[in-house]
Amino acid sequence: MTATELKAQLRQQAQGALSLNVAYIGVVNGLFSHLHRLGRASAQRLAEEAAMDGGYVLRWCDAAFAFGYLDACDDGFTLTALGAAMRPEAPDSLMPLAVQSVLSAHMAERAAGLMRTGERPGESVLAERQTVLPWFGPMLEANFSALFEHTICPQVPAFAAVNARGGLAVDLGCGNGWYLRALLRRCDRLRGLGIDGLEENVRQARELAQREGLQERLQFVTGDIHDLQLVEAADVIAMNRALHHVWEKGAQTLLSWLRDQLKPGGFVVIWEPAWPSQRQALRQPALRGMAFQNLSEHVQGNHFLRTEEIETALVQAGLPAQTYRFGTDGSEAVIVGQRPA
Ligand SMILES: C[S@@+](CC[C@H](N)C(=O)[O-])C[C@H]1O[C@@H](n2cnc3c(N)ncnc32)[C@H](O)[C@@H]1O
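Residues numbered from 1 in each chain as written. Predicted model: local features only at pLDDT ≥ 70, side-chain atom pairs only at ≥ 80, totals over all residues.

Re the overall build of the protein
(1) Moving on: Within the protein, the regular secondary structure consists of 14 helices and nine strands.
(2) Moving on: Rg of the C-alpha trace for the protein: 22 Å, near the compact-globule value of 20 Å for 341 residues, within the 12% margin.
(3) Moving on: Dimensions of the protein, computed from the C-alpha atoms along their principal axes, are close to 70 × 50 × 35 Å.
(4) Moving on: The 341 residues of the protein split such that 37% are buried.
(5) Moving on: Sequence-distant contacts, at least 24 apart, represent 67% of the contacts inside the protein between residues at least 6 apart. (Helix = DSSP H or I, 4+ residues; strand = E, 2+ residues; numbered from the N terminus. Rg over C-alpha atoms; globule rule 2.2 N^0.38 Å. Buried ≥ 20, exposed ≤ 12 C-beta atoms within 10 Å, placed from the backbone. Contact = placed C-beta atoms within 7 Å.)

Considerations on the site of the ligand
(1) Moving on: Near the ligand there are 18 residues, and of these Leu140, Gly173, Gly175, Gly197 and Asn240 occur at the shortest range.
(2) Moving on: Its residues assigned to classes, the shell around the ligand comprises seven nonpolar, seven polar and four charged. (Near = placed C-beta within 6 Å. Nonpolar A, V, L, I, M, F, W, Y, C, P; charged D, E, K, R; others polar.)

Observations concerning the domain arrangement of the protein
(1) Moving on: Domain boundaries assigned for the protein yield domain 1 (3-98) and domain 2 (133-338).
(2) Moving on: For domain 1 versus domain 2, the separation of C-alpha centres amounts to 33 Å.
(3) Moving on: Taken together, the contact pairs five residues of domain 1 with five residues of domain 2.
(4) Moving on: Residues of the side of domain 1 that touches domain 2, tallied by class, amount to four nonpolar, one polar and no charged. (Domains from an automatic or database assignment.)

Some details on the pairing of strand S2 (residues 76-79)
If a strand is regular, its side chains alternate between the two faces of the sheet.
(1) Moving on: Across four bridges, the pairing between strand S1 (residues 70-73) and S2 is antiparallel. Among the inter-strand pairings, Asp71 is bridged to a residue of S2, identified as Thr78. (Pairing = 2+ DSSP bridges.)

Concerning helix H3 (residues 43-50)
(1) Moving on: Looking at H3, one finds that the buried residues are Ala43, Leu46 and Ala47. The buried residues of H3 occupy an angular sector of 100° when projected down its axis, which confines them to one face.
(2) Moving on: On its buried face, H3 sits against helix H2 (31-38), helix H4 (54-66) and S2.
(3) Moving on: Once H3 ends, the next one or two residues include Ala51, with phi positive near 55°. (Arc of directions from axis to C-beta.)

Notes on the sheet that holds strand S5 (residues 218-222)
(1) Moving on: Reading across the sheet, the seven strands line up as S5-S4-S3-S6-S7-S9-S8 and stay open at both edges, with mixed pairing between neighbours. Two strands close off the open sheet at either side, each with one partner strand: S5 and strand S8 (321-326). Put simply, the sheet's adjacent strands are angled 20° from each other on average, direction ignored.
(2) Moving on: Relative to strand S9 (residues 332-338), S8 runs antiparallel, the two being bridged by six bridges. Looking at S9, one finds that Ala321 is bridged to Gly337. (Axes fitted to C-alpha atoms, helices over the stretch in contact; angles between N-to-C directions.)

Things to note about the packing of helix H1 (residues 3-28) against H4
(1) Moving on: Running from N to C, H1 and H4 cross one another at 130°; their axes reach a closest spacing of 10 Å. Classed by the angle they form, the pair H1 and H4 counts as oblique. H1 and H4 meet at a crossing whose hand is left-handed. Of the residues in H4, those in contact with Val22, Ile25 and Gly26 of H1 are Trp60, Ala63 and Ala64. (Parallel < 35°, antiparallel > 145°, perpendicular 65-115°, else oblique. Left-handed = near helix turned anticlockwise from the far one by under 90°.)

Observations regarding the environment of Gln215
(1) Moving on: The topology assignment puts Gln215 in the loop between helix H10 (199-211) and S5.
(2) Moving on: On the basis of neighbour count, Gln215 is assigned to the partly exposed category, with 13 C-beta atoms found within 10 Å.
(3) Moving on: In sequence terms Gln215 and Arg181 are 34 residues apart; their C-alpha atoms lie 9.9 Å from each other.
(4) Moving on: Leaving out residues up to four positions away in the same chain, Gln215 has contacts with Ala209 and Gln210.

Remarks on the nonpolar core
When a protein is soluble and globular, its nonpolar side chains tend to lie buried together.
(1) Moving on: Core analysis: the biggest nonpolar cluster contains 88 residues, and Val99, Val236, Ile237, Val268 and Val269 have the highest contact counts within it.
(2) Moving on: Built from parts of two domains, this core gets at least three residues from each of domain 1 (3-98) and domain 2 (133-338). (Core = buried A, V, L, I, M, F, W, Y, C linked by C-beta atoms within 7 Å.)

Description of the packing of H3 against H4
(1) Moving on: For the pair H3 and H4, interaxial distance at closest approach is 8 Å and the crossing angle is 120°. Considering their axes alone, H3 and H4 lie oblique with respect to each other. Viewed along their axes, H3 and H4 form a crossing whose handedness is right-handed. Side by side, H3 and H4 meet where Ala43, Gln44, Leu46 and Ala47 of the first sit next to Gly54, Val57, Leu58 and Cys61 of the second.
(2) Moving on: Considering only residue class, the contact of H3 with H4 consists of six nonpolar, two polar and no charged.

Points about the environment of Arg217
(1) Moving on: Its place among the elements puts Arg217 in the loop between H10 and S5.
(2) Moving on: Taking the number of C-beta atoms within 10 Å as the measure of exposure, Arg217 has 16 and is therefore partly exposed.
(3) Moving on: Between the C-alpha atoms of Arg217 and Met52, which are 165 residues apart in sequence, the distance is 38 Å.
(4) Moving on: Ignoring any residue separated from it by four or fewer positions in sequence, one finds Arg217 in contact with Leu184, Arg191 and Gly192.

Topic: unusual backbone geometry
(1) Moving on: Positive phi outside glycine occurs at Ala51, with the angle close to 55°.
(2) Moving on: Assessed through the 9 C-beta atoms surrounding it within 10 Å, Ala51 is described here as exposed.
(3) Moving on: Look at Asp92: it is not a glycine, yet its phi comes out positive at around 50°.
(4) Moving on: Along the chain, the position of Asp92 falls in the loop between helix H5 (81-85) and helix H6 (95-114).
(5) Moving on: By C-beta crowding, Asp92 is classed as exposed, having 8 other C-beta atoms within 10 Å.

Structure representation (structure tokens):
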């Protein structure tokens, strides 16, 4: 390709990122949702409804019109089908793409600066962007909740086995608690306890459990996975996209501790993106995002794991393990270890 063709290609790709940046502003300020309720509105009317500044909303409406999220008519704006699909409450919402895009830009900027010193500031980088943090949980929920509820939970036999005897499901690094809410919807004989290090996540998790009427069966507390005490032995302990967050601080000690917190016959269920054994696989379009994310995980003090190393660590901790693969490219790995009865 010539330099001109390369520039044209990159400019086109950059428009995709710009489009998601425009969408992000609308998502986190409720503009898509408000306009959906209003049906048709001037920028000023939309600003009043969303309790935002009129000047900013007018400029946003122009940008959202330019990228095809809004249509314009004489007396205001309406949502296009694309704009309607960006509403967080829309079925199969496009919202996670917008949140991921701005989060990635933040992480890229942090990685660029930190590479000079090697500093790895940890989980706190997520909280550096005021508008991003509250959307982290909803983004993960929108990305993974349906896959769990409709595919993983029915296909991984451990869940039916635990539900048959009833008991306690613990989720370590629970985020906004979507996993336990989905699990309890399917498994009516289970209770849940979710633990997360971020106050904001626990606040959201409690609120969402209450909204679904699950508060009697579902509790959430703030805590550090490295320094926990469970008052009751668990029937299943889950970690979703959380094991890689604590791996570098001593996985083997943690997994042995997990085994000891389980009732005999209980399960540890680890869900992680499967880092490929061969670098070449990262060129696959579906895995490119994971390659970038692993750089931003490095900023947080983490790195993605190969499924085999998780399985080996579980076995070494006395938890014979089995792996199940999900997702179109098999890159979602669920590794189940069981404490012998
Ligand atoms: C990628 S998120 C996954 C959240 C949730 N499990 C999900 O699937 O949506 C990782 C979570 O682990 C939590 N976390 C990371 N390190 C932790 C620690 N040491 N103690 C408690 N929570 C931790 C983070 O706050 C974050 O919510």
